Amino acid sequence: MKTIIDITSLKKDYHVGEVTVHALRGVDLKINEGEFVAIMGASGSGKSTMLNIIGCLDRPSDGIYLLDGVNVAGMSKNERAAIRNLKIGFVFQSYNLLSRTSALENVELPLMYNRLISTKERREKAIAALEAVGLAERMDHMPNQLSGGQQQRVAIARSLVNDPVVILADEATGNLDTRTSYEIMSLFQELNSKGKTIVFVTHEPDIAKCMTRSVVFRDGHIIREEDIKNRLNAAEMLTALPVEQD
Amino acid sequence: MNPGNLLKVAINALKRNKMRSFLTMLGIIIGVASVITMLAIGQGSKKSIEDQIASMGSNMLFVMPGNMRMGGVQQGSSSSQRLTVADIKAIKTECDAIVAVSPEVRSSGQAVSGSSNWPTTIYGGSEQYLEIRSWSVVSGRNFTDTEAEGSAKVCLVGRTVADELFGEGIDPTGETIRFKNIPFKIIGVLEEKGQNSFGQDQDDVIIAPFTTVQKRVLAQTYIQSIQMSARSAEESELAISQVEEALRRTHKLRENEDNDFEVRSQEELATTMTSVTEILTILLGAIAGISLLVGGIGIMNIMYVSVTERTREIGLRMSVGGRSVDILLQFLIESILLSVFGGLIGIVLGFGASAIVEALTSWPITVMWSSVILAFVVCTVIGVFFGWYPARRAAELDPIDALRFE
C-alpha cells in the first residue's frame, strides 16, 4: 500500500517573545492511501499544529515530512502554495465559503489557481464534485441560501475538486447538529470507501469511531495510536436516530 | 491565477459592494472631472485672449510714448507728447522690416445724426490703419492717402455706431454725422468684430483720417501711438530694433539716455496677458489635483478596510493554493479598477462640465487631450500607488492566522 504521509521526528517550536513553545516534540506518523485517520487531543496538544504542517500551511522546525513521496519540509512559501493547490483539500469547521458567490464558483476556486486547467475543464470538474456530494441541483445557490450541512457539503466538494491525495478536515462537524454531523460523516465514509485518504481532526469520540484509525496527541507527542474496532457506519446511525416530532 | 480570472475575481468583489465601490470611485470621479474642467477653462480663457489679440491685427507692433524726463522731473507716459508725424516718416523710410505704419489718435465724444446721438470713440489713422488692424470695409470704401494727409472730413463707422444712429441694419454710407460738432461724411461701414474678451464692443468706433482728428477734433500736433505691421511674425524682433533705432535718432537721444518711447509687439502683449491666465490655470489645476489625491487616499482607506474584512477569504484563497503574488494582484487590480473606472467616468463628466461652462461663458473652451491622457495616467498611478500597501498587507498575511481571524 502506498504511503501518502510519512512523517519522521517532526518538531515545531514557536517563539513568543522570549519564550519558546514546543508545539510538537518529535512526532512520527505514517498514513497510507485509503486510510481515514482521526487526530484527537485536548486543545494545546499539538493537533492543530500537526494539521497545519500536514496541510503545508506551516513548515516544521525540524524533521522530515514526505507528502506523496516528496519532502515538503523545506519548501518555500510559493512551493507550498503549489503543493496545497495540487495535493491537498481542506474542510474547515466554519466552512469558509466565499459569501455572495455561488456554490459552483466556490467549488471552482482551487482550480482558479491552477493555470493548466481551462475554464471549461474547471466547470466540468466543479460540477462533478458537486454531484459527488449530492448538491448538483444547488450549484447556483449562494451560501446564505444553503443550510449548514449543505454549506459543509459545498466545502467538501471544494476539497475534492482538485483530486487531492489527502483531504484534511479540521473539526468539520463542529458547527453542526448531531443529525447533520452524521450526514456529513456518512459522506466522508462514502468518499473514503471510494479510496480517498482523509485526515480528520476532532474531539468527539462518536465522530472518531466512524474512522479507521485514531491518533491521540498530548503535549506535542503522540500518546496513543490504534485501529478502530467496531467502526460505526454513519448512514446506519442516521436511520437509528429518533425522529424529532416538533 | 491567470489575468482573466484575476480580473473576474476583482470585478466580482467590487460588484459585491456596489455602493461602497461607487462612493470610493466618486472621489476619483470628482478629482478627474475637476482637473479636466479646470484645465479646459484655463486653456479656454487663454485661447480667447490669444484670439482677441490676433484679431487686433497681423504681426502688429506698437510704439507707445514712454516715461520721459523733463529737467530732472519724471513725467508720466500719458502726458508724453513725444510721438509725431516725423516719427512715422522715419519708420517708413528706415525700417524695411515694417510693411505698414499708421499713427493713432483717439478721442471720445458724442456722435450725432439728426435727432439721434451716441457716445463713442473716434480713432484717427492713416490709410494703412485698417490693414494693420486686419479690419475690412463691408460697404463703401476706405479713405485714401490724400484724404488721410489732407484732413478730409470723411469717416468709417462701426456696426454699432451705424445701428444706434441710423437704425438696425441700415447702410449709412453717404450720410453725414457730427462728432464734437465736426461734420463727417460716412464713406464706409466696418466689418463686424463683436465683443472682445473683456466685454468691450469693438464695433463701437468711428475711424477717420488722423490729420482730421488731430487738427479738427483734438487740436493737437502730436500722436498718441504708432501702430505697425512687421513683414512676418519672425521678423518682429528685427522690426522692433529697427524702429527703436529710427526713433532714437528722430528723438535725438544720446547714447546714455533711455528710450522715451516703448516698442511692443503683439506677441509680447499676448504673453503678458496670457501669463495671468496661465498662473490661474496652474492654481486651479493644482487645487483640482489635490482633490484627486484625496480621492486616491479614499481608495487606500477602503482597500485597507476591505483587506481586514476579507482576511478569512484571503486565508482560504491561500489554503487552496493562492500564492502571495495572486493575492497581491487581486487587491491591486481591484484598486486599479476603482481608480481607472472612476477616471473614465470623471473624464466623461469633465467633458460635460466643460461644455456647460462653454455654454455659460461663450469662451472657446477646449478639453485638451493631453489633460485627458494625463488624468488617465494619474488615475492608474493612483490605483497602483494607493492600492499597493493594502495589497501588500493582504499578500503578507499568514494563511493560518488569516483562517483563524474573527
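Quick notes on the rules
- Residues numbered from 1 in each chain as written.
- Chains lettered and ligands numbered in written order.
- Predicted model: local features only at pLDDT ≥ 70, side-chain atom pairs only at ≥ 80, totals over all residues.
- Heavy atoms only, no water.
- Contact = heavy atoms within 4.5 Å.
- Buried area = accessible area lost by both parts, 1.4 Å probe.
- Salt bridge = Lys/Arg side-chain N within 4 Å of Asp/Glu carboxyl O.
- Helix = DSSP H or I, 4+ residues; strand = E, 2+ residues; numbered from the N terminus.
- Nonpolar A, V, L, I, M, F, W, Y, C, P; charged D, E, K, R; others polar.
- Core = buried A, V, L, I, M, F, W, Y, C linked by side-chain atoms within 4.5 Å.
- Buried < 20%, exposed > 50% of the residue type's maximum accessible area, 1.4 Å probe, protein only.
- Domains from an automatic or database assignment.
- Pairing = 2+ DSSP bridges.
- Axes fitted to C-alpha atoms, helices over the stretch in contact; angles between N-to-C directions.
- 1 Å grid on protein atoms, 1.4 Å probe; cavity = no way out; pocket = protein on both sides within 12 Å on 5 of 7 lines; lining within 4 Å.
- Points joined across faces, edges and corners; volume = space filled by probe spheres on them.

1. Quick word on the interface of chain A and chain B
Phase 1: Across the boundary between the two partners, chain A contributes 24 residues, which contact 28 residues of chain B.
Phase 2: Between chain A and chain B, roughly 2,400 Å² of surface is buried when both sides are summed, and carbon and sulfur atoms account for 53% of that area.
Phase 3: When the buried surface of chain A facing chain B is broken down by residue, Met112(A), Tyr113(A) and Arg115(A) rank first, second and third, together holding 28% of it.
Phase 4: At the surface where chain A touches chain B, the tally comes to zero salt bridges.
Phase 5: Looking at the side of chain A that touches chain B, the elements with two or more residues in it are α2 (77-87) and α3 (103-112) of chain A.
Phase 6: For the side of chain A that touches chain B, the element with the most residues is α2(A), which contributes five residues.
Phase 7: Among the residues forming the side of chain A that touches chain B, the class breakdown is nine nonpolar, seven polar and eight charged.

2. Structural notes on the nonpolar core
Phase 1: Of all hydrophobic cores here, the largest spans 77 residues; its most connected members are Ile5(A), Met50(A), Ile54(A), Tyr65(A), Leu67(A) and Val166(A).
Phase 2: Per-element tally for this core: the top contributor is helix α11 (residues 324-361) of chain B, with nine residues.
Phase 3: In this view, Tyr65(A) contacts Ile5(A), Asp6(A), Ile7(A), Leu10(A), Ile53(A), Ile54(A), Cys56(A), Val70(A), Asn71(A), Val72(A) and Ala73(A); residues no more than four positions away in its chain are not counted.
Phase 4: Judged by nonpolar contacts, the second largest core, of 44 residues, contains Val91(A), Tyr95(A), Tyr182(A) and Phe188(A).

3. Details of the domain arrangement of chain B
Phase 1: Once the domains are mapped, chain B shows domain 1 (3-52 + 272-404) and domain 2 (99-225).
Phase 2: Taking only C-alpha atoms, the centre of domain 1 of chain B and the centre of domain 2 of chain B are 57 Å apart.

4. Brief notes about the sheet that holds strand β5 (residues 70-71) of chain A
Residues and elements named next belong to chain A.
Phase 1: Pairing within the open sheet is antiparallel, and its four strands lie in the order β2-β1-β4-β5. In this open sheet, the two edge strands, each paired with only one partner strand, are β2 (19-32) and β5.
Phase 2: As paired elements, strand β1 (residues 3-16) and strand β4 (residues 62-67) share five bridges and run antiparallel to each other. Note that in β4 the partner of Asp 6 across the bridge is Leu 66.
Phase 3: Against the sheet, helix α1 (residues 47-54) touches β1, β2 and β4, its axis set at about 120 degrees to β1.

5. Observations regarding empty space enclosed by the protein
Think of a ball as big as a water molecule: rolled over the atoms, this probe shows where empty space is left.
Phase 1: Enumeration over the complete set of coordinates arrives at three cavities of 30 Å³ or more.
Phase 2: Of the pockets and cavities examined, the largest cavity occupies roughly 90 Å³.
Phase 3: Taken together, Ala13(B), Leu14(B), Asn17(B), Arg20(B), Ser21(B), Ile302(B), Met303(B), Ser306(B), Glu309(B), Arg310(B), Glu334(B) and Leu338(B) make up the full set of residues lining the largest cavity.
Phase 4: Of all elements in the fold, only α1 (3-16), α2 (18-55), α9 (266-309) and α11 of chain B reach the threshold of two or more residues within the lining of the largest cavity.
Phase 5: No other element matches α9(B), which puts four residues into the lining of the largest cavity.
Phase 6: Here the residues of the lining of the largest cavity sort into five nonpolar, three polar and four charged.
Phase 7: Estimates place the volume of the second largest cavity at around 40 Å³.
Phase 8: Lining the second largest cavity we find Ile88(A), Gly89(A), Phe90(A), Pro110(A), Arg158(A), Ser159(A), Asn162(A) and Val320(B).

6. Quick word on the pairing of strand β1 (residues 60-65) of chain B
Residues and elements named next belong to chain B.
Phase 1: Where burial is concerned, most of β1 is hidden: five out of the six residues are buried.
Phase 2: Direction of pairing for β1 relative to strand β11 (residues 225-230): antiparallel, over a ladder of four bridges. When the sheet's bridge partners are listed, Met 60 is paired in β11 with Ser 229.
Phase 3: Of the strand pairs in this sheet, β1 and strand β12 (residues 261-265) are connected by five bridges, and their pairing is antiparallel. Bridged to Met 64 within β12 is Glu 262.

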